[in-house]
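# Chains, contacts and geometry: an overview
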Amino acid sequence: MMTFAWYGHLKLQQMHVSDGWPLILVIIFSWGIAFFEYCAQVPANRIGFNGNGGPFNLMQLKVIQEVISLTVFTIMVTVFFKGQPLQWNHFAAFACLVLAVFFVFLK
């Protein structure tokens, strides 16, 4: 949802849905969408944090969140923004993300 809140308005603009919207309306629209993700993410972080009995430390929670966010973003870009091809360097970046997850979970 957050990815759509941040970048979906660009697709709406391409589709001429939000062409005449003032910036403040775009911001309110995006925050309205993002609100629902916050309603899920904040409790997930509280439950998942090892300081509250969960299995993850703060660094692990953040890396997990970033990997999920970038994965959703990549899917959204390839599905909704057809002019954005995936290139070799994008795959190299994903490999680095996988390594980041590996390293953040090392003991």
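Bear in mind the structure is a predicted one, so any value in this text is a computation, not a measurement.

### Some remarks on the overall build of the chain
From N to C terminus, the chain includes four helices and zero strands. Counting from the amino terminus, the chain carries its helices and strands in the arrangement α-α-α-α. The C-alpha radius of gyration computed for the chain amounts to 17 Å, which surpasses the reference 13 Å derived for 107 residues by more than 25%, pointing to a less compact arrangement than a globule. Judged by the C-alpha coordinates and their principal axes, the chain covers about 50 × 35 × 15 Å. Accessible surface, the chain as shown: approximately 7,800 Å² in total, 74% of it carbon and sulfur.

### Here we look at the packing of aromatic side chains
A complete count under the given rule lists seven aromatic pairs for this structure. Note on Phe 35 and Phe 36: the rings are 5.5 Å apart at their centroids and 75° apart in plane angle, and the pair reads as edge-to-face. Judged by its relative accessible area of 49%, Phe 35 is partly exposed. The class for Phe 36 is exposed, based on a relative accessible area of 54%. Relative to Phe 94, the ring of Phe 91 has its centre 6.4 Å away and its plane inclined at 75°; by these criteria the two rings are edge-to-face. Residue Phe 91 and its partner Phe 94 are both found in helix α4 (residues 88-104); the two are separated by three residues, about one turn of the helix. Note on Phe 94: relative accessible area 25%, which makes it partly exposed. In this structure, Lys 11 is placed above the aromatic ring of Phe 81, and the distance from its NZ or CZ to the ring centre is 5.8 Å.

### Some remarks on the environment of Phe 73
Structurally, Phe 73 can be placed in helix α3 (residues 58-80). Sequence-wise, Phe 73 and Met 2 are 71 residues apart; in three dimensions their C-alpha atoms are separated by 9.3 Å. Other than its neighbours up to four places away in sequence, Phe 73 contacts Thr 3 and Tyr 7.

### Some points on the side chain of Ser 18
With respect to the element layout, Ser 18 can be found in the loop between α1 (2-14) and α2 (23-48). Look past the residues within four positions of Ser 18 in its chain and what remains in contact with it is His 9, Leu 12 and Gln 13.

### Observations regarding unusual backbone geometry
Here His 16, not a glycine, exhibits a phi torsion of approximately 65°, which is positive. Residue placement: His 16 occurs in the loop between α1 and α2.

Reading the values: the criteria
Residues numbered from 1 in each chain as written. Predicted model: local features only at pLDDT ≥ 70, side-chain atom pairs only at ≥ 80, totals over all residues. Heavy atoms only, no water. Helix = DSSP H or I, 4+ residues; strand = E, 2+ residues; numbered from the N terminus. Rg over C-alpha atoms; globule rule 2.2 N^0.38 Å. Areas by Shrake-Rupley, 256 points an atom, 1.4 Å probe, with all protein chains shown as cover. Phe/Tyr/Trp six-rings, centres within 6.5 Å; stacked < 30°, edge-to-face > 60°. Buried < 20%, exposed > 50% of the residue type's maximum accessible area, 1.4 Å probe, protein only. Lys NZ or Arg CZ within 6 Å of the ring centre and 35° of its normal. Contact = heavy atoms within 4.5 Å.

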